[in-house]
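Observations on the three-dimensional arrangement
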Amino acid sequence: MQFKSAAFATLSLVTFAAATGSDQCTTGSLQCCQSTGTASSSSIASLLAIVGVAVQDVTGLVGVTCSAISGVGVGGDSCTAQPVCCTNNSFNGVIALGCSPINIGA
């Protein structure tokens, strides 16, 4: 009986962690980016030029090498880099625009 209670508590905690990360992302999609920075950074400005985005049109952080996070802590889906919410990730993961860092462990 104690095992069932412990398993239920663990599952509830994992579910809560997944919901907490997703709920923080109200303006875009939850992403895991290897790095983030400003559009004025020379390396990020170069990437923006490659994909045809004008540096002056970018607001917020830019995520680099990003992938979607669907359920934090569920099924091995985790982020060991920088979890962010991004408003535009239409560049096949190369960059994501309008990113805001979040804390998925809270």
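Refer to the structure above for everything that follows.
A brief structural summary. (Residues numbered from 1 in each chain as written. Predicted model: local features only at pLDDT ≥ 70, side-chain atom pairs only at ≥ 80, totals over all residues. Heavy atoms only, no water.)

1. So, the pairing of strand β2 (residues 61–68)
The condition that has to hold: Think of it this way: DSSP has to see at least two bridges between two strands before they count as a pair. A run of DSSP states H or I qualifies as a helix once it reaches four residues; a run of E qualifies as a strand once it reaches two. Both are numbered from the N-terminal end.
Of the pairings in the sheet, the one linking strand β1 (residues 29–37) to β2 comprises six bridges and is antiparallel in character. Residue glutamine 31 lies in a different strand from β2, and its bridge partner there is alanine 68. Direction of pairing for β2 relative to strand β4 (residues 95–101): antiparallel, over a ladder of three bridges. Counted as the bridge partner of leucine 61 is cysteine 99 from β4.

2. Remarks on the state of the cysteines
Quick note on the threshold: Defined by distance alone, a disulfide is two cysteine sulfur atoms within 2.5 Å. Classification of residues uses two cut-offs on accessible area relative to the type maximum, computed with a 1.4 Å probe and protein chains only: under 20% is buried, over 50% is exposed, and between them is partly exposed.
Overall, the coordinates contain three disulfides when judged by the stated rule. The residue that forms a disulfide with cysteine 86 is cysteine 99, at a sulfur-sulfur distance of 2.1 Å. Disulfide cysteine 86 to cysteine 99: torsion about the S-S bond roughly 105°, handedness right-handed. Note that cysteine 86 is positioned in strand β3 (residues 82–88) and cysteine 99 in strand β4, a separation of 13 residues in sequence. Exposure remark for cysteine 86: the relative accessible area of 1% places this residue in the buried category.

3. Section: the nonpolar core
Operational definition: Residues enter a nonpolar core if they are buried and are Ala, Val, Leu, Ile, Met, Phe, Trp, Tyr or Cys, with the set joined through side-chain atoms within 4.5 Å. Residues are treated as being in contact if the distance between any of their heavy atoms lies within 4.5 Å.
Ranked by size, the top nonpolar core spans 10 residues in total: Ala39, Ile44, Leu48, Val53, Val58, Val62, Val64, Phe91, Ile95 and Leu97. Mapped onto this core, the elements with two or more residues apiece are α2 (42–50), β2 and β4. With near-sequence residues (within four places) excluded, isoleucine 95 lies in contact with Leu47, Leu48, Val51, Val62, Gly63 and Asn89. Counting eight residues, the second-largest nonpolar core is a separate cluster that includes Cys25, Cys32, Cys79 and Cys85.

4. As for the pairing of β1
In this structure, β1 lies alongside β3, joined through five bridges in antiparallel fashion. Pairing of cysteine 32 across the sheet is with proline 83, part of β3.

The values reported here are purely geometric and, on their own, carry no functional implication.
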